[in-house]
Amino acid sequence: MTLQTTTEPAEHQGVALGSSFYAAMRILPRPQREAMFQVYSFCRYVDDIADSDEPRDLRRAGLQRWRDDIEALYRGAPPPRLADYQGSVRAFGLKREDFLAIIDGMEMDVTADIRAPNDATLDLYCDRVASAVGRLSVRIFGLPEQDGILLAHHLGRALQLTNILRDIDEDAELGRLYLPREGLVAAGITSIDPMLVARDPALPNVCAPLVARALKHFDAADVVMSRNPRRLVKAPRIMGKYYYSILQLLIARGFAPPRAPVKLGKASKIAILLQYAVV
């Protein structure tokens, strides 16, 4: 899981000013905005641990400290780095198990470099590192319980699958391969070496089913958002449209090696923001 950082005011530390997340969350009322920045910062901290160059045992220990701190937060005795979270947890009913699921997802990258997980493991990973974040987020946005959980399920998976499809080469350089083993076998790829898979001419046949899966999740998320008040879903709408646009650029580029990096341009981001930011 890769997040961007930059230097900015302390209240938004760890959030890239030009990122799609920052743009989408900046439009929220202050209490919701600050709660979302807290969730993002938490994700940023544990993601940095998972992606660091430290030995695995030290990274696992760092994640365990975050688990301990989350447990302390929900006992009513938060450590200093989570003291400000108490108000958000109470105001929005944020669930302890969702914070812990995110840590569990990060630990999946620490225990061993992920290489061609089976479909079930990939879906579990997406649930932990993306949909769990969504479950925290939809409570902050104020969606009804059932639709909120459903939106988190579909949009989280859509975003994470798009990340995986976008970052094949970057992940390979880190020794990671998130493409499912079943897809590799079906395409006739026998290796699970990330660099070899990234260069395999059959790779588009592995990516095509993931593209289709991501598109189905985007469609399902749109159905949920369409039946809820616009003011409740404007932030997830913006995030969804950003990532849907990236997926469309990936489809247009194709997945045959070599692959040029794909990035959504500033003008496209502004157009999406203007379309959905105003209620």
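Right, let's walk through the structure included here. (Residues numbered from 1 in each chain as written. Predicted model: local features only at pLDDT ≥ 70, side-chain atom pairs only at ≥ 80, totals over all residues. Heavy atoms only, no water.)

Topic: the overall build of the protein chain
Helix and strand content of the protein chain: 13 helices and zero strands. In sequence order, the secondary structure elements of the protein chain are arranged as α-α-α-α-α-α-α-α-α-α-α-α-α. The C-alpha atoms of the protein chain give 18 Å as radius of gyration, which agrees with the globular expectation for 279 residues (19 Å, within 12%). Here the C-alpha coordinates of the protein chain stretch approximately 50 × 45 × 35 Å along the principal axes. (Helix = DSSP H or I, 4+ residues; strand = E, 2+ residues; numbered from the N terminus. Rg over C-alpha atoms; globule rule 2.2 N^0.38 Å.)

Remarks on the packing of helix 12 (residues 230-253) against helix 13 (residues 266-277)
Each pair of packed helices gets described by two things: the angle between the helix axes and the distance between those axes. For the pair helix 12 and helix 13, interaxial distance at closest approach is 9 Å and the crossing angle is 160°. Compared by their axis directions, helix 12 and helix 13 come out roughly antiparallel. For the element pair helix 12 and helix 13, the recorded crossing hand is right-handed. Along its contact with helix 12, which presents Arg230, Lys234, Arg237, Ile238, Lys241, Tyr242 and Ser245, the element helix 13 presents Lys269, Ile272, Leu273, Gln275, Tyr276 and Ala277. Looking at the contact of helix 12 with helix 13 residue by residue, the classes come out as six nonpolar, two polar and five charged. (Axes fitted to C-alpha atoms, helices over the stretch in contact; angles between N-to-C directions. Parallel < 35°, antiparallel > 145°, perpendicular 65-115°, else oblique. Left-handed = near helix turned anticlockwise from the far one by under 90°. Contact = heavy atoms within 4.5 Å. Nonpolar A, V, L, I, M, F, W, Y, C, P; charged D, E, K, R; others polar.)

Points about the packing of helix 2 (residues 30-51) against helix 3 (residues 56-75)
Here helix 2 crosses helix 3 at 155°, and the two axes come no closer than 8 Å. The pairing of helix 2 with helix 3 is recorded here as roughly antiparallel in orientation. Contact residues: Phe42, Tyr45, Val46, Ile49 and Ala50 in helix 2; Arg59, Gly62, Leu63, Trp66 and Ile70 in helix 3.

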